[in-house]
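Analysis of the macromolecular model
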Amino acid sequence: MEHWTSSPEELAKAADALRSGALVGMPTETVYGLAGNALDAETVATIFEVKRRPTFDPLIVHAATLEEAFGLAAEVPAEARMLAERFWPGPLTLVLPRRPDLPDLLSAGLETLAVRVPGHPVAQALLKACGLPLAAPSANRFGHISPTRAAHVLEEFGDAPDVAGVVDAGPCDYGLESTVVGFPGGGRVVVYRLGATPLEVLREVADQVEAVNAAHPEDEADRVSAGEQSPGMLARHYAPRTPLTLLEAGAEAPVSGGRTGWLSFDRVLEVDGPQEVLSTRGDLAQAATRLFSCLRRLDRLGLDRIVAWKVPEEGLGRAINDRLTRAAVS
Ligand code: TXA
Ligand code: MG
C-alpha cells in the first residue's frame, strides 16, 4: 500500500484512488479513518469486509461542509443544527434520519445515518479533492485499538489489496474518536459514544444532554440500551490482545505474577516491567493523544497482562475511561 504525504500532488493520487472505488487511510483530528466513496454500495461493502466489521455496525459519513453533511440527511432536527453550527468542523458526529437513496449498508439497517464534518485540514483537502462524501470508520480491524498515526494504519492494513494507501499527516490532535450524538425527539440529545467533544462542552450549548452507557458496562441495563441505539457500543472494543486489568485512580499497584506492563495517568510507578505514563503533567488532552499509541506499544511486547489506572472522570477523561473500560472487558 502507498504511503502518501499530504502534498497537493500526493493528495490528488489519494483522491483518484477514492474516485476509482479503492479505500484510503485518511488522517482526521480524532483518529485515522479507512475512507471510501459513501455513495457506492460496493465500496461501502468493501469497508466492512476489510475491517471484518459486523454488518450491524453502521458507519460515519464525512463531508467537507455543513451543507453537504446535512444534504445526506432526510431531515435535520433543530438541536442538530445548533450543535453543528457550534462544533463543525470538529470531533462531533450527528445521527440523523437517513436519506433512503444512499447505500443501506452505511446505516446497517437503521433508519438513521451518522455524519460528521472533520476539522483536520488534510481531511478537508482530501474531501474537496475527491468531491465525494467519504464513509470512514476508524482504520483498525474490528475490535482492535484505533490508529492515531499512519504507521498504525500500515500495521492494520498493509497487506490488504483493497486499501490503496494512507495519507500521512502525522499524529492525530485528539487521539480519541468523535463524540456520537443522536436526537430521539422531544429536544433530547443522547450521547451514544463519549469522545473528543466532552459532555460538559455539549451541555454549554444544548439543554437536555443525556449520556447513554458511559464508562460502566458492568451496568447491564445501560449496556443493552446503548447497544440497541448505537450498535458500535459493544462492551469489548478498542482492545489490546493482552488481557488488561483496570484499577480505580489512586489504587495501589497489585503484586504481579508473570510479565506485567503498566499504564498510569500521571504517576511514574516504582514497579518492574515496561511502563507508560499518559501525561506526567496530568493533562487529560495529552493523555488522550497518547492513549492508543501507549496501548499499542505495551500490546506489542507479548506481556501476560497490562495493568492500567483510570484517569479523572471529567472532560476528555470520561472518554478515556470509557475506552479503558472496554479494553478491560474479557
Ligand atoms: O472520530 C471518529 O468518529 C472516527 C474518524 C475516522 O472520523 N471514526 C470512527 O468510526 O470512530 P467508527 O466506525 O469506528 O465508529 C462509528 C461509531 C460506532 O460506535 C457506530 O455504532 C456509531 O458511530 N454509529 C454510526 N452510525 C450510527 C447510527 N446510525 N446510529 C447510532 N450510532 C451510529
Ligand atoms: Mg472504531
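Source: prediction; values computed, not measured.

Per the secondary structure count, the protein chain includes 11 helices and 15 strands. The C-alpha extent of the protein chain, read off along each of the three principal axes, is 55 × 45 × 35 Å. With 330 residues in all, the protein chain has 56% of them scored as buried. Considering only contacts in the protein chain between residues 6 or more positions apart, those separated by 24 or more positions represent 65%. Element-wise, carbon and sulfur atoms account for 49% of the exposed surface of the protein chain, whose accessible area totals about 13,200 Å².

Turning our attention to the domain arrangement of the protein chain. Quoted interface sizes are often the accessible area lost when the parts come together. Splitting the protein chain by domain gives domain 1 (2-167) and domain 2 (244-327). Just the C-alpha atoms count here: the centres of domain 1 and domain 2 sit 29 Å apart. Taken together, the nine residues of domain 1 in the interface contact six residues of domain 2. Summing both partners gives a buried area of about 670 Å² for domain 1 against domain 2, and 54% of it is carried by carbon and sulfur. At the junction of domain 1 with domain 2, the criterion picks out three salt bridges. Across the salt bridge formed by Arg-296 and Glu-156, the nearest N and O atoms sit 3.1 Å from each other. The interface formed by domain 1 and domain 2 includes four residue pairs in polar contact (both at pLDDT 80 or more).

Before going further, it helps to examine empty space enclosed by the protein. On inspection of all chains with the given rule, the structure shows two cavities of 30 Å³ or more. Lining the second largest cavity, in full, are Leu-194, Gly-195, Thr-197, Pro-198, Leu-199, Gly-315, Arg-318 and Ala-319. Here the lining of the second largest cavity is built from residues that sort into four nonpolar, three polar and one charged.

This part takes up the packing of helix α10 (residues 284-299) against helix α11 (residues 316-328). Close contact between α10 and α11 brings their axes to 9 Å; oriented N to C, the two are set at 25°. By the angle between their axes, α10 is roughly parallel relative to α11. Considering the relative orientation of α10 and α11, their crossing is left-handed. Mapping the contact onto sequence places Leu-284, Ala-285, Ala-287, Ala-288, Leu-291 and Phe-292 in α10 and Leu-316, Gly-317, Ile-320, Arg-323 and Leu-324 in α11. Classifying every residue of the contact of α10 with α11 gives nine nonpolar, one polar and one charged.

Core analysis: the biggest nonpolar cluster contains 72 residues, and Leu-83, Trp-88 and Leu-94 have the highest contact counts within it. Top element by residues in this core is α10. It accounts for eight residues. In terms of domain composition, this core takes at least three residues from each of domain 1 (2-167) and domain 2 (244-327). Apart from residues no more than four positions distant in its own chain, Trp-88 is found in contact with Leu-66, Ala-69, Phe-70, Leu-83, Leu-94, Val-115, Arg-116 and Val-117. Judged by nonpolar contacts, the second largest core, of 20 residues, contains Met-26, Ala-123, Leu-132 and Ala-136.

With that out of the way, let us pick up the pairing of strand β10 (residues 188-193). Looking along a regular strand, one sees the side chains alternate between the two faces of the sheet. Counting buried positions along β10 gives five out of six residues, so the element sits mostly inside the fold. Strand direction decides the pairing type here: strand β9 (residues 179-185) and β10, joined by four bridges, are antiparallel. Across the sheet, the residue bridging to Val-180 is Arg-193, located in β10. Following β9, the chain reverses through two residues before pairing antiparallel with β10; Gly-186 in that reversal takes a positive phi of roughly 65°. Following the chain from β10 across helix α8 (residues 199-205) to the adjacent parallel strand β11 (residues 209-211), one finds a crossover that is right-handed.

The next subject is the sheet that holds strand β6 (residues 112-116). Strand order in the open sheet formed by 11 strands is β1-β8-β2-β3-β7-β4-β6-β5-β9-β10-β11, with mixed pairing between adjacent strands. Each having just a single partner strand, β1 (2-4) and β11 make up the two edges of the open sheet. The pairing of strand β4 (residues 60-62) with strand β7 (residues 134-135) spans two bridges and is antiparallel. If you follow His-62 over to β7, its bridge partner there is Leu-134. Docked against the sheet, helix α6 (residues 121-130) engages β2 (23-26), β4, β7 and β8 (163-167), running at close to 155° with respect to β2.

Moving on to unusual backbone geometry. The omega torsion across Trp-88 and Pro-89 is -10°, close enough to zero to call that bond cis. Within the secondary structure, Pro-89 is located in the loop between α4 (78-87) and β5 (92-97). Positive phi outside glycine occurs at Ala-108, with the angle close to 50°. With respect to the helices, strands and loops of the structure, Ala-108 is situated in the loop between α5 (104-107) and β6. Of the residues examined, Ala-108 reaches a relative accessible area of 17% and is grouped as buried.

Here is what the cut-offs are and how they apply
Residues numbered from 1 in each chain as written. Chains lettered and ligands numbered in written order. Predicted model: local features only at pLDDT ≥ 70, side-chain atom pairs only at ≥ 80, totals over all residues. Heavy atoms only, no water. Helix = DSSP H or I, 4+ residues; strand = E, 2+ residues; numbered from the N terminus. Buried < 20%, exposed > 50% of the residue type's maximum accessible area, 1.4 Å probe, protein only. Contact = heavy atoms within 4.5 Å. Areas by Shrake-Rupley, 256 points an atom, 1.4 Å probe, with all protein chains shown as cover. Domains from an automatic or database assignment. Buried area = accessible area lost by both parts, 1.4 Å probe. Salt bridge = Lys/Arg side-chain N within 4 Å of Asp/Glu carboxyl O. Polar contact = N/O pair within 3.5 Å; in protein donor to acceptor, adjacent residues only side chain to side chain. 1 Å grid on protein atoms, 1.4 Å probe; cavity = no way out; pocket = protein on both sides within 12 Å on 5 of 7 lines; lining within 4 Å. Points joined across faces, edges and corners; volume = space filled by probe spheres on them. Nonpolar A, V, L, I, M, F, W, Y, C, P; charged D, E, K, R; others polar. Axes fitted to C-alpha atoms, helices over the stretch in contact; angles between N-to-C directions. Parallel < 35°, antiparallel > 145°, perpendicular 65-115°, else oblique. Left-handed = near helix turned anticlockwise from the far one by under 90°. Core = buried A, V, L, I, M, F, W, Y, C linked by side-chain atoms within 4.5 Å. Pairing = 2+ DSSP bridges. Right-handed = clockwise from strand over helix to strand, strands pointing away.

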